[in-house]
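The residues making up each chain are set out below.
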Amino acid sequence: MKKTVIGMMIAAVILIVTALTLGGPELLLEAVAAGGELLISVFPILILAFLIAGQISELISEEMIYRWLGKGAGWKGPLIGTLAGALVPGGPFFFYPLIATLVVSGASSGTVISFILAKTLWSIGRIPLEIALVGAELTVIRLVLTLPFPVLIGMLVNTILPEYSDKIRNDVAELQKRKQEGDSRDD
Amino acid sequence: MIDAFIVLLVMGAVLTAAAYRRKDGTNRRSIKTGWRMLVNVTPVLLLAFLIAGLIEVTVPAEAISYWLGEEAGWKGLIIGPAVGALIQGGPFAFFPLFSAVFQQTVGVGTAIAMITGWSMLNIGHLPYEFAFLGPRFVLLKLFVCIWVPPLTGFLALHIFG
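A brief look at the structure comes next. None of these values were measured; they are calculated from a predicted model.

Reading the values: the criteria
Residues numbered from 1 in each chain as written. Chains lettered and ligands numbered in written order. Predicted model: local features only at pLDDT ≥ 70, side-chain atom pairs only at ≥ 80, totals over all residues. Heavy atoms only, no water. Helix = DSSP H or I, 4+ residues; strand = E, 2+ residues; numbered from the N terminus. Buried < 20%, exposed > 50% of the residue type's maximum accessible area, 1.4 Å probe, protein only. Contact = heavy atoms within 4.5 Å. Areas by Shrake-Rupley, 256 points an atom, 1.4 Å probe, with all protein chains shown as cover. Patch = residues over 30% accessible without salt bridge, like charges linked within 9 Å, V, L, I, M, F, W, Y side chains within 5 Å. Salt bridge = Lys/Arg side-chain N within 4 Å of Asp/Glu carboxyl O. Polar contact = N/O pair within 3.5 Å; in protein donor to acceptor, adjacent residues only side chain to side chain. Axes fitted to C-alpha atoms, helices over the stretch in contact; angles between N-to-C directions. Parallel < 35°, antiparallel > 145°, perpendicular 65-115°, else oblique. Nonpolar A, V, L, I, M, F, W, Y, C, P; charged D, E, K, R; others polar.

### Let's talk about the overall build of chain A
Consideration 1: Along chain A, the regular secondary structure elements total nine helices and zero strands.
Consideration 2: Scanning chain A from its N terminus toward the C terminus, one meets helices and strands in the order α-α-α-α-α-α-α-α-α.
Consideration 3: Out of the 187 residues in chain A, the part that is buried amounts to 50%.
Consideration 4: Pairs at least 24 apart in sequence give 73% of the contacts found in chain A among residues at least 6 apart.
Consideration 5: Of the roughly 9100 Å² that chain A leaves accessible, carbon and sulfur atoms contribute 68%.

Shown next as structure tokens:
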């Protein structure tokens, strides 16, 4: 989160300098007014979106996700992976380590692809914000049109490239080993 | 705006009912969690709206419309996801920016392609993918995913455009 804020501050400073060069303080004021106007217009709906995001994160727990994927998935892997991916809350710093754990404990590469696609496409905790800022219509269109992809692509990967599951499992194990060695060297 | 409000109210009502059935104070905790999330992202949100305003006044609307608007045609389905994939800062930065800068200009196809590209091909995820899953996985994912945003945009354009 801190890195995000710093990155955005740098972007904002570059843009402020650009605005000042292009049109002086008036243009900068115009920019602040435009941003402020948008913020005020979406503020009530934003509060609602966050209350719902809070409900979702309280109703869905990490243990639920582990329990589903721990069942040993077989051909249902991509289906369960999709469902779990859509429901699991948290950003990439949280879900990529989670996926690595799932890979090591036996999830196929198709299951993992399904999980990541569902997580990045549909992450349920993000939907209220998208509805609030982009609108319900576009959000629903996007959800409907992307509906087949996570399961379909996951199953395709498992069917066409079954040998990839073991290769990727070895890759992940290797990365974790190297990371541990790095950690112990730091001690 | 009204439709968004209604959809969110319905979602909230369903979730409140689900939480109420647990009878363990989930609803009270939800309000606290939601509020804490809002407070945590407030700096990002404020910056996002400032940046959105700045881009609105510094990047000429004609440029956006030329590359991504209706006149860009099918090119918008490729450029849209590429621009989306580059935008960093997570949903709290992307959605305000999209709403302020792109939504008025781009057609439904490019809009869908761009949001889809932002979410599933985001370059900000690459360091995590390399670090936790390795280059072989990154290539596999790129290979099976790269065509999805343009295709989704194409479908949106022809079904809902």
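### Focus: a nonpolar patch on the surface
Residues and elements named next belong to chain B.
Consideration 1: On the surface, a cluster of nonpolar side chains totalling about 450 Å² of accessible area is made up of Leu 142, Ile 146, Trp 147, Leu 151 and Phe 154.
Consideration 2: Positionally, Leu 142 belongs in helix α8 (residues 135-145).
Consideration 3: Residue Leu 142 is classed as partly exposed on the basis of its relative accessible area of 41%.

### Section: the pattern of salt bridges
Any two side chains of opposite charge can pair if their charged atoms end up close together.
Consideration 1: Counted by the stated rule, this structure contains five salt bridges over all chains.
Consideration 2: Here Arg29(B) makes a salt bridge to Glu58(A), at a shortest N to O gap of 2.9 Å. Of the two residues, Arg29(B) sits in helix α2 (residues 26-58) while Glu58(A) sits in helix α1 (residues 2-59), which places them in two different chains.
Consideration 3: Salt-bridge contacts for Arg142(A) lead to Glu130(A); the nearest nitrogen and oxygen are separated by 2.8 Å. With Arg142(A) in helix α7 (residues 136-146) and Glu130(A) in helix α6 (residues 127-134), the pair connects residues that are twelve residues apart, well separated along the chain. Judged on exposure class, the residue Arg142(A) and its partner Glu130(A) are both buried.

### A look at the side chain of Asn122(B)
Residues and elements named next belong to chain B.
Consideration 1: By the secondary structure assignment, Asn 122 is in the loop between α6 (108-120) and α7 (126-133).
Consideration 2: At a separation of 3.1 Å, a polar atom in the side chain of Asn 122 contacts the main-chain carbonyl oxygen of Trp 118.
Consideration 3: The residues touching Asn 122, leaving out its near neighbours within four places in the chain, are Gly 84, Ala 85, Ile 87, Gln 88 and Gly 117.

### Thoughts on the packing of α1(A) against helix α5 (residues 91-102) of chain B
Consideration 1: Taken N-terminus to C-terminus, the directions of α1(A) and α5(B) make an angle of 105 degrees; their axes are 10 Å apart at the nearest point. Taken together, the axes of α1(A) and α5(B) lie roughly perpendicular to each other. Contact with α1(A), carried on its side by Met8(A), Leu38(A) and Phe50(A), involves Phe92(B), Ala93(B), Pro96(B), Ser99(B) and Ala100(B) of α5(B) and no other residues of that element.
Consideration 2: Partitioned by chemical class, the residues of the contact of α1(A) with α5(B) number seven nonpolar, one polar and no charged.

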